[in-house]
Amino acid sequence: MDTASGRASAPPAADATPAAAPEAADGQVIQPPRKRRSRRRLALDLTLLGAVGALLVGAVFAAWAVMQREFYSPAAFVERYVGLLAEGRAADALALPGVAVNSAELEDAGLPPTASEALLRSAALASLKDVHVVSEEQDGDITRVTVEYEARGYDGSTTFSVERDGSIGLAPTWRFAKSPLAVMNLGVTGSMVFDVNGFEIDKRQVSPEGADADPAAPVSLLVFSPGLYSVSVDTAIAITPGVAVLSDSPFRAIPVSVQAQPTEKFLGVVQDKVEEFLTSCATQEVLQPTACPFGFFVEDRIGSLPKWSIVQQPTVAVEPDGAGWSILAAEAVAHIDVDIRSLYDGRVRAVSEDVPFIVKGSISVRPDGTATIVVTGPDTN
């Protein structure tokens, strides 16, 4: 109370003067937190986190799409199959879904149901390289995948039909809707044995008739598509430069015909044997040498034993005939010296004549590779 004036002094209002900001120990003023700026920063952080999350989700889906295309797509399935062939892994390629076929499936497709699997092995595969998918087209439930490649210098292209075969977790699985195998109907004349890409095959091993296989009938062999198959004959008797066949169309027949030619050594042996045979015939002192392609006919009696010689040997040529060969007709000349006594007056005249004749023959080849040569004439055996 103010004693001088007799009035009481009112206490100052509580909010009349703002409180001073607290000071730090060093005398600096500490500002209070700014709530508005903190809210803005939190919103920005949440926005950035959302963007990063969206990017991560997008990256995951993009990575999954890439993985599916590279590893779980129809194109990847086909690339794996052709890649196995390129690596020579025939058994693994054959094990892929839709590759192997049975006799009923072959017959339904109009292909030989007894086709042999002898060539479905690594030893009969040719190299493939530069394999790449060039197109992938959807046709209903079927996906058509076209692959290009190089097979021993030959550029090839094959289109495969692929269909869905289920899934493993989220990953789809595929199979060939039409088998990529094909059937090579191979006819080889002049030899029961032949090579395919260096792999030796005997017709009797792959024919359903076995040892009774018809030498002139073609044999049916399953082959991979794509695949280059070089067929050749290279034996002591027969040879051929070979025929290269590119199997580039799945599940179809491929006719192949190979005609072997005699080797020079074989021709030389046949020529020698024919000459030996004819020379042996000439040692017979009769008008008609037994089992020989030449002879001399007279109506009178002979006054001396006939003397034969071969003055012109035939030039031998052969051609394939079933499992063996035929000696083509060739001209030769024998010479006879004989005295002829006339039945009419008993006179004797000396005959010295050349006797032209024709030589033919056949050659049979045994399973062990040896040959039997039979020489005949136009009407003799």
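As a reminder, the structure under discussion sits directly above these lines.
Residues numbered from 1 in each chain as written. Predicted model: local features only at pLDDT ≥ 70, side-chain atom pairs only at ≥ 80, totals over all residues. Heavy atoms only, no water.

**Examining unusual backbone geometry**
Here comes step 1: The omega torsion across S225 and P226 is 0°, close enough to zero to call that bond cis.
Here comes step 2: Structurally, P226 is set in the loop between β8 (219-224) and β9 (227-232).
Here comes step 3: Even without being glycine, N197 reaches a positive phi, approximately 55°.
Here comes step 4: Structurally, N197 can be placed in the loop between β6 (193-196) and β7 (199-202).
Here comes step 5: Taking relative accessible area as the criterion, N197 reaches 13% and is therefore assigned buried.
Here comes step 6: Of note in this structure, A291 is not a glycine but carries a positive phi near 60°. (Helix = DSSP H or I, 4+ residues; strand = E, 2+ residues; numbered from the N terminus. Buried < 20%, exposed > 50% of the residue type's maximum accessible area, 1.4 Å probe, protein only.)

**Considering the sheet that holds β9**
Here comes step 1: Taken in spatial order, the four strands of this open sheet run β7-β6-β9-β11, and their pairing is antiparallel. Taken across any chain shown, the strands that pair with only one partner, and hence form the sheet edges, are β7 and β11 (243-247). Strand-to-strand, the axes of this sheet are offset by a mean angle of 30°, without reference to chain direction.
Here comes step 2: The pairing of β6 with β7 spans four bridges and is antiparallel. Note that in β7 the partner of V193 across the bridge is D202. (Pairing = 2+ DSSP bridges. Axes fitted to C-alpha atoms, helices over the stretch in contact; angles between N-to-C directions.)

**Let's talk about helix α2 (residues 74-86)**
Here comes step 1: Look at α2: 18 Å from first C-alpha to last across 13 residues, which is about the 18 Å you get at 1.5 Å a residue.
Here comes step 2: For α2, the tally of buried residues reaches ten of 13 residues, placing the bulk of the element in the interior.
Here comes step 3: Turning to α2, its buried residues are P74, A75, A76, F77, V78, Y81, V82, G83, L84 and L85.
Here comes step 4: Of the residues flanking the end of α2, it is G88, one or two places downstream, whose phi is positive at about 75°. (Expected span 1.5 Å × (residues − 1).)

**Concerning the environment of I239**
Here comes step 1: Inspection of the secondary structure puts I239 in strand β10 (residues 238-239).
Here comes step 2: In the structure, I239 is positioned 48 residues away from S191 in sequence and 8.8 Å away in space, judged by C-alpha atoms.
Here comes step 3: Those residues in contact with I239, other than ones at most four positions away along the chain, are V233, D234, A260, Q261 and T263. (Contact = heavy atoms within 4.5 Å.)

**Quick notes on the sheet that holds β8**
Here comes step 1: Read across the open sheet, the three strands follow the order β8-β5-β12; overall the sheet is mixed. Each end of this open sheet is capped by a strand with a single partner; those strands are β8 and β12 (253-259). Ignoring which end each strand starts from, the neighbouring axes of this sheet average 30° apart.
Here comes step 2: Both strand β5 (residues 181-189) and β12 contribute to a ladder of seven bridges, which runs parallel. Bridge assignment links N185 to a residue of β12, and that residue is P255.

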